[in-house]
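Working through the structure, step by step
The lines below spell out each chain.
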Amino acid sequence: HLADRWGARRMMLLGLFLSAFALALAGQSWSFASALAFQLPLVGTLALMITPSLAYMAEATSLGGARSFGVAYGVYNMAWGAGLLGGPAIGGFLFERLGFSRLVLAWAPALLAITWLLAGVQSPASPTEEQPI
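Scope of this entry: the structure provided in the associated data block. (Residues numbered from 1 in each chain as written. Predicted model: local features only at pLDDT ≥ 70, side-chain atom pairs only at ≥ 80, totals over all residues. Heavy atoms only, no water.)

1. Quick notes on the environment of Arg10
Relative to the helices and strands, Arg10 resides in helix α2 (residues 8–26). Sequence separation between Arg10 and Ser29 is 19 residues, and the spatial gap between their C-alpha atoms is 29 Å. (Helix = DSSP H or I, 4+ residues; strand = E, 2+ residues; numbered from the N terminus.)

2. Here we look at the packing of aromatic side chains
Evaluated as defined, the whole model comprises 4 aromatic pairs. On the basis of an interplanar angle of 70° and a centroid distance of 5.1 Å, the ring pair of Phe17 and Phe21 is categorised as edge-to-face. Separated by 4 residues within a single helix, Phe17 and Phe21 lie in helix α2, roughly one turn from each other. Judged by relative accessible area, which is 47%, Phe21 ranks as partly exposed. With a centroid separation of 6.2 Å and an interplanar angle of 20°, the aromatic rings of Tyr76 and Trp80 are classed as stacked. (Phe/Tyr/Trp six-rings, centres within 6.5 Å; stacked < 30°, edge-to-face > 60°. Buried < 20%, exposed > 50% of the residue type's maximum accessible area, 1.4 Å probe, protein only.)

3. Some thoughts on helix α3 (residues 32–50)
Between its first and last C-alpha, α3 extends 26 Å over 19 residues, near the 27 Å set by a 1.5 Å rise per residue. The set of residues buried in α3 consists of Ser34, Phe38, Leu42, Thr45 and Met49. Contact partners of the buried residues in α3: α2 and α4 (53–61). (Expected span 1.5 Å × (residues − 1). Contact = heavy atoms within 4.5 Å.)

4. Some points on α2
Its 19 residues place the ends of α2 26 Å apart at the C-alpha level, agreeing with the 27 Å of an ideal helix rising 1.5 Å per residue. The largest bend in α2 is about 25°, located at Ser19. (Bend = angle between axes of the 7 residues up to and from the residue.)

5. Some points on the nonpolar core
If you look at the biggest cluster of nonpolar residues, it comprises 17 residues, and the most contacted ones within it are Leu23, Leu42 and Leu111. Looking at this core, the elements with two or more residues in it are α2, α3 and α6 (100–119). The element contributing the most residues to this core is α2, with 9 residues. Discounting residues that sit within four places of it in the chain, Leu111 has contacts with Leu16, Ser19, Ala20 and Leu23. (Core = buried A, V, L, I, M, F, W, Y, C linked by side-chain atoms within 4.5 Å.)

Next up, the structure:
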């Protein structure tokens, strides 16, 4: 509902931005109970980022016509799968070298940089934004 109201791109960027802070907060846990408490905002911000991403893909590829959907979703799913394969191995390697707290504190600025870069990318207007005449 929020992606329909405010646009999938805006929701995805907001979720990405907020997840940087939630991730840094999660790294400050001192007990199992605090880790659970800090995990709740992180899960919420990740949902804001991941859930509208498919709607945003549909918006972004709609300008290319019906034939572009197959290519775009193929590349999207390949990138998603590559992240699922490589992410845990890379994360485990970095966890062993840096520790959890330093790893999430190092990742938070990277998320902010990614958000800034994606915000600068031109995209089609979301359904609630007015189209120029």
